[in-house]
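# Coordinates in review
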Amino acid sequence: MINIIHNKTMRAQYNEGFYTQEELREFGFKSLGEDVLLSRKAIIYAPHKVSIGNCVRIDDFAILSGAITLGSFIHISAQATITGGNGIDSSVVMGDFTSLSLGSKILSMSDDLSSGVLVNSSIPSEYRNVKSSHIVLPGHNHIAAMSLVLPNTTFGIGTNLGPQSLVGDMALKEYGYYFGAPARLLKMLDKDRLKDLESTFLESLQKTNRGGGATT
């Protein structure tokens, strides 16, 4: 079975524990880019609602379900979960240069446990109070290990969330580093340095492509 991975960094990580590029095309994703590494132990529900860009790695026991859009240069670590919802009043978008670390979760739909109603998916909706929203990580957003993102969370570009942190019903500042449960702003990141690194990296890809070689 032919398996062509153009990106040198992604090619170095590939092993038989990932689906081949040919096998990925058989999933029926809404859209699928190049150089995607999807673990054979990951679970994708409703792949026809999932879009994946270029240079994306999804590790063992990750679970993706519902309306999800992944940009490029993304890593979703082992045991991470994304619940995208129906795509109408709930969805998840991860922009370029974003990541979910070990055991982290993004839930675009969640029962409101504080509202004094019946809870869980075995109960008809009229007896529940389910919060739902579109959650967008616009770019350079990183969710550290064991953190939880709940509905109605707004990320700015460059917002990072530290390990074992919790966010929900809140807006996070651009290039802010948040930590805690509930999360609070600890520091601001150096956005100029981040932009310079991104520009240098993308320029290196263009130079390689102009040279006629494989993407680095």
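Residues numbered from 1 in each chain as written. Predicted model: local features only at pLDDT ≥ 70, side-chain atom pairs only at ≥ 80, totals over all residues. Heavy atoms only, no water.

## Some thoughts on the overall build of the protein
For the record, the criterion: We count a stretch as a helix when DSSP gives it H or I for four or more residues in a row; a strand needs E for two or more, and each element gets its number in order from the N terminus. With C-alpha atoms as the basis for the radius of gyration, the globule rule is written as 2.2 Å multiplied by the number of residues raised to the power 0.38. The buried label applies to any residue whose accessible area, calculated with a 1.4 Å probe on protein chains only, is under 20% of its type's maximum; exposed applies above 50%, and partly exposed to all values in between. By the convention used here, residues are in contact when the closest approach between their heavy atoms is within 4.5 Å. Accessible surface is estimated by sampling points in the Shrake-Rupley manner with a 1.4 Å probe; for residues, cover comes only from the protein chains shown.
Within the protein one finds 3 helices and 23 strands. At 18 Å, the protein has a C-alpha radius of gyration in line with the 17 Å of a compact globule built from 216 residues. Overall, the C-alpha framework of the protein stretches about 60 × 40 × 25 Å when taken along its three principal axes. By residue count, 42% of the 216 residues in the protein fall in the buried class. When contacts within the protein are restricted to residue pairs at least 6 apart in sequence, those whose partners lie at least 24 apart make up 28%. If you sum the accessible surface of the protein, you get close to 11100 Å²; carbon and sulfur atoms cover 54% of it.

## Some words on the sheet that holds strand S5 (residues 56–58)
Note the following rule: A strand pair is defined by DSSP finding two or more bridges across the two strands.
The mixed open sheet is built from 8 strands, whose spatial order is S2-S5-S8-S11-S16-S19-S22-S23. Every other strand in the sheet has two partners, leaving strand S2 (36–38) and strand S23 (183–188) as the edge strands with one partner each. For strand S19 (residues 160–161) and strand S22 (residues 176–180), the ladder comprises 2 bridges, and the chain directions are parallel. Paired with Asn160 across the strands is Tyr177, a residue of S22.

## Here we look at the sheet that holds strand S15 (residues 134–137)
Read across the sheet, 5 strands follow the order S1-S4-S7-S10-S15 without closing on themselves; strand pairing throughout is parallel. This sheet does not close on itself; its edge strands, each paired only once, are strand S1 (31–32) and S15. With 4 bridges connecting them, strand S10 (residues 91–94) and S15 associate as parallel partners. Paired with Val93 across the strands is Val136, a residue of S15.

## Examining the nonpolar core
Basically, it comes down to this: In this description, a nonpolar core means a group of buried Ala, Val, Leu, Ile, Met, Phe, Trp, Tyr and Cys residues linked to one another through side-chain atoms lying within 4.5 Å.
Counting residues in each nonpolar core, the largest one holds 33 residues, and the members touching the most others are Ile58, Leu64, Leu70, Ile76, Ile82 and Met94. The residues contacting Ile58, other than those within four sequence positions of it, are Phe18, Leu37, Leu38, Ser39, Ala42, Leu64, Leu70 and Ile76. Among the nonpolar cores identified, the runner-up in size contains 5 residues, and Ile5, Met10, Phe18 and Cys55 belong to it.

## Remarks on the pattern of salt bridges
For the record, the criterion: Salt bridge criterion: a side-chain nitrogen from Lys or Arg within 4 Å of a carboxyl oxygen from Asp or Glu.
If you walk through the whole model with that rule in mind, you get 4 salt bridges. Ionic pairing is found between Arg40 and Glu23, a salt bridge with its closest N-O pair at 2.8 Å. With Arg40 in the loop between S2 and strand S3 (43–45) and Glu23 in helix H2 (residues 21–25), the pair connects residues that are 17 residues apart, well separated along the chain. Of the residues examined, Arg40 reaches a relative accessible area of 36% and is grouped as partly exposed. Residue Glu23 is classed as buried on the basis of its relative accessible area, which comes to 18%. In this structure, Asp111 engages Arg128 in a salt bridge whose closest nitrogen and oxygen atoms are separated by 2.9 Å. Note that Asp111 is positioned in strand S13 (residues 109–111) and Arg128 in the loop between S13 and strand S14 (130–132), a separation of 17 residues in sequence. The class of Asp111 is buried, set by a relative accessible area of 17%.

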